[in-house]
Amino acid sequence: MATPRFRVAMAQINPTVGDFEGNTRKILERLDEAQRLDADVVSFPELAVPGYPPEDLLIKADFLQENLACLHEIARHTSRSVAVVGCVDSGEHLYNAAAVLAGGRVAGMYRKMRLPNYGVFDEKRYFQPGTEAPVFVVRGVPVGVTVCEDMWSPGGPLLAQSLAGALVAVNINGSPYFMGKWRVREEMLRVRARDYAIAIAYNNMVGGQDELLFDGLGVVVDALGGIAARGPAFEEALTIADLDVEAIRTLRRYNPLRTPDAIAGEGLRAPVYTLSTEPPAGDGRPALPAASIAEPPGDVEEVYRALVLGTRDYVRKNRFRRVLVGLSGGVDSSLVAAIAADALGTDALTGVTMPSRFTSEESRRYAAALARSLGIGTMELPIEPVAGAYETLLTSAFAGRPRDEAEENIQARIRGTLLMALSNKFGWLVLATGNKSEMSVGYATLYGDMAGGFAVIKDVPKTLVYRLARWRNANAGREVIPAGVLERAPTAELREQQTDQDTLPPYEVLDPILRLYVEDDRSAEEIVAQGFDPVTVARVVRMVDASEYKRRQAPPGIKITPKAFGRDRRLPITNWYRGRRPAGAETPTVPPRA
């Protein structure tokens, strides 16, 4: 007779902040599915009931009350399976909690201990840390419950629960995405599982919430560090695995890391609460298909799918029916249009061309070819008459001064005004098309090409923009984005024969410098020490520092790198600190251009 297995299920769902009715419905649907499959325990993501992150909604008393009312409604539906559901536990203080629901009631509560307060996280603003690491016995199997950050560092509640006898750990998460993060997570989980001889069911949220994206890819890791199951990327799913708990018990007898000395000084209580003692079902329960281990996508596909999901959720969760993209014939607007079409469908996207006398025939041709390839509707609004009127009006004010960025930026601002007028008239959302390289150095026009409600590729460096565009063509097996767009020199076309490299270093040079300075917080001297030209580094650093005020006024966009502008990187606008410049590269500070 086969040894009974302990069945764990993870409901990888896409909640919306504040949509208590919708979130509860999603939870109940997956709970019902898990109970039909006779799961012993089923988990739902961090703060699944109110949505994550709720931010200052947590200050509202009625928000907290509705969160608890929905939690008790969910609890009423638990029968066969124990459910672990992310919620806010409130009383004298607020706690980021995992409610343990069993037999139609709230049977227990775990309160998150390690509250992240870095990067995009502000949890210490709202929550108090928990003080206990309870273990819940489910069908005779001790199960530890934790929330997200509790597991990222050694020791702490997971070790305390393991020493208290937990054989399985259920960890619920709202772990924000960046490129390749799933590898970091899985390596951490493998180490924790091996060190503490415990199987881990790591459930992660999926979906977009403002600038944050959650990629799913929840995993079940066995006590030897092997992957027993993995959920898909960027999709809702129920992932299930059967665990051999007797094998974990055997492993425990020979695990030298699980000794009382290992947690000397931890001081954590790990009380054990028995919910049910009958052993896991044997052969009578519904059979599972072969272990589901979804394959994570490659790096470029991963980012593309992240951008599609982030765009879809931002547009749909904010109840927009249609979006606008200004089509310039360049790679940025072409990529944004392709992402929008994939996210929302071609019927929900309109491309707008706004040529001037500086718009080349190439650009017109590429924009038209892209629209045909995507199958989207377009409208053309030539800006030359409006630009001429502006310049005539400003003739006396600008008298005696040469033509420069002021006249160039008027064109960009006219385009922004036209897009926003269409948005106003029809209720359509404008998708801004600026990339991270441009936003870093301020190569963008306030109230011009920065205008819009959502900036799809705001956190995508220019070199990655090209890789994404090429991937999109290869994935389609045809030329969706015209090859000429990918081959010609990038240009804003605000003056004759203009290219980006008139103002910026080549993107192949610029992007690595920006990664080191913006994402890795390296000094100019450290960047030069890696082989970059000191004059170029000093110039780039100066442009980044001078453009903070622009970035503060940019629309939100999807985070895909370890450090994005906005929630991740927070610097004062009024700021005289510029750091030490590398020798031979001292340059005067000049006011930034708008």
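Residues numbered from 1 in each chain as written. Predicted model: local features only at pLDDT ≥ 70, side-chain atom pairs only at ≥ 80, totals over all residues. Heavy atoms only, no water.

Student: Sorry if this is basic, but what is going on with the confidence of the model for the protein chain here?
Tutor: Where the model shows low pLDDT, its predicted coordinates should not be examined in detail. In the predicted model, the protein chain carries a mean pLDDT of 91, and 94% of its residues have values of at least 70. Model confidence for the protein chain, summarised as mean pLDDT per element, is weakest for strand β15 (residues 272-274) at 89 and strongest for strand β2 (residues 41-43) at 98. (pLDDT = per-residue confidence, 0-100. Helix = DSSP H or I, 4+ residues; strand = E, 2+ residues; numbered from the N terminus.)

Student: Just to check I follow, could you spell out the packing of helix α14 (residues 507-519) against helix α16 (residues 534-546) for this structure?
Tutor: When two helices pack together, their arrangement is given by the angle between the helix axes and by the axis-to-axis distance. Following both chains from N to C, one finds α14 and α16 inclined at 60°, their axes separated by 10 Å at the closest point. Here α16 runs oblique to α14, going by the angle between their axes. In the packing of α14 onto α16, the handedness of the crossing is right-handed. Residues Val509, Leu510, Ile513, Leu514, Tyr517 and Val518 of α14 pack against Thr536, Val537, Val540, Val541, Val544 and Asp545 of α16. Looking at the contact of α14 with α16 residue by residue, the class counts come to ten nonpolar, one polar and one charged. (Axes fitted to C-alpha atoms, helices over the stretch in contact; angles between N-to-C directions. Parallel < 35°, antiparallel > 145°, perpendicular 65-115°, else oblique. Left-handed = near helix turned anticlockwise from the far one by under 90°. Contact = heavy atoms within 4.5 Å. Nonpolar A, V, L, I, M, F, W, Y, C, P; charged D, E, K, R; others polar.)

Student: Could you clarify how one ought to interpret the side chain of Asn67 in this entry?
Tutor: Tracing the backbone shows Asn67 in helix α2 (residues 61-76). We classify Asn67 as buried; its relative accessible area is 0%. Within the local environment of Asn67, its side chain forms a polar contact with the backbone oxygen of Val88, the two atoms lying 2.8 Å apart. Excluding residues within four positions of it along the chain, Asn67 makes contact with Phe20, Val49, Pro50, Cys87 and Val88. (Buried < 20%, exposed > 50% of the residue type's maximum accessible area, 1.4 Å probe, protein only. Polar contact = N/O pair within 3.5 Å; in protein donor to acceptor, adjacent residues only side chain to side chain.)

Student: Hey, could you run me through the packing of aromatic side chains in this one?
Tutor: Enumeration according to the criterion identifies nine aromatic pairs in this entry. Between Tyr118 and Phe121 the ring centres are 5.3 Å apart and the planes differ by 70°, which places this aromatic pair in the edge-to-face class. With a relative accessible area of 45%, Tyr118 lands in the partly exposed category. A relative accessible area of 11% means that Phe121 is categorised as buried. Sitting over the ring of Trp428, Arg322 keeps its end group 5.2 Å from the ring centre. Above the face of the Phe565 ring, Arg551 is positioned so that its terminal group lies 4.5 Å from the ring centre. (Phe/Tyr/Trp six-rings, centres within 6.5 Å; stacked < 30°, edge-to-face > 60°. Lys NZ or Arg CZ within 6 Å of the ring centre and 35° of its normal.)

Student: Quick question: what am I supposed to make of the layout of surface pockets here?
Tutor: Empty space left among the atoms is revealed by rolling a probe the size of a water molecule over them. Empty space within the second largest pocket amounts to approximately 400 Å³. Lining of the second largest pocket is provided by 22 residues; of these, Tyr517, Asp545, Arg569, Leu571 and Tyr577 occupy positions nearest its centre. When residues of the lining of the second largest pocket are assigned to their parent elements, the largest contribution, three residues, is made by α16. Of the residues assigned to the lining of the second largest pocket, the class counts are eight nonpolar, three polar and eleven charged. (1 Å grid on protein atoms, 1.4 Å probe; cavity = no way out; pocket = protein on both sides within 12 Å on 5 of 7 lines; lining within 4 Å. Points joined across faces, edges and corners; volume = space filled by probe spheres on them.)

Student: How do you make sense of the pattern of salt bridges when you look at a structure like this?
Tutor: Where side chains of opposite charge bring their charged atoms close, a pairing between them can arise. Per the counting criterion, the structure on display carries 37 salt bridges. The salt bridge involving Glu55 is made with Arg567; its shortest N-O contact spans 3.1 Å. Of this pair, Glu55 sits in the loop between β2 and α2 while Arg567 is found in the segment after α17 (548-552), placing the two residues 512 residues apart along the sequence. Taking relative accessible area as the criterion, Arg567 reaches 19% and is therefore assigned buried. Here Arg230 and Glu186 are joined by a salt bridge, their closest N and O atoms 2.8 Å apart. Taken as a pair, Arg230 in strand β13 (residues 227-230) and Glu186 in helix α4 (residues 181-196) lie far apart in primary sequence, 44 residues in all. The pair formed by Arg230 and Glu186 is uniform in burial state, with each residue classed as buried. (Salt bridge = Lys/Arg side-chain N within 4 Å of Asp/Glu carboxyl O.)

Student: Explain unusual backbone geometry to me, please; I cannot follow it from the model alone.
Tutor: Comment: phi is negative for the bulk of residues other than glycine, and the bulk of peptide bonds are trans. Tyr52 connects to Pro53 through a cis peptide bond whose omega is -5°. Structurally, Pro53 is set in the loop between β2 and α2. One non-glycine residue, Glu55, lies in positive phi territory at about 50°. Positive phi, close to 55°, is recorded for Asp521, a residue that is not glycine. For Asp521, the position within the fold is in the loop between α14 and α15 (524-529).

Student: In this structure, what is going on with the packing of helix α9 (residues 384-393) against helix α10 (residues 405-426)? I would like to understand it.
Tutor: For the pair α9 and α10, the least separation of the axes is 10 Å and the interaxial angle reads 135°. Comparing their axes, α10 and α9 come out oblique. By crossing handedness, the relation of α9 to α10 is classed as right-handed. Taken together, the residues of α10 that come into contact with α9 (itself represented by Val386, Ala387, Tyr390 and Glu391) are Glu407, Ile410 and Ile414. Among the residues making up the contact of α9 with α10, the classes are represented as five nonpolar, no polar and two charged.

Student: Is there a simple way to think about the sheet that holds strand β19 (residues 429-432) in this case?
Tutor: Strands belonging to one sheet form pairs held by backbone hydrogen bonds; the direction of such a pair is parallel or antiparallel. Here five strands make up an open sheet; going across it, the order is β18-β17-β16-β19-β20 and the pairing parallel. Each edge of the open sheet carries a strand with a single partner, namely β18 (377-380) and β20 (454-455). As judged from the two bridges shared by strand β16 (residues 323-326) and β19, these two strands associate in the parallel manner. Each residue of the ladder has a partner; that of Leu324, found in β19, is Val430. (Pairing = 2+ DSSP bridges.)

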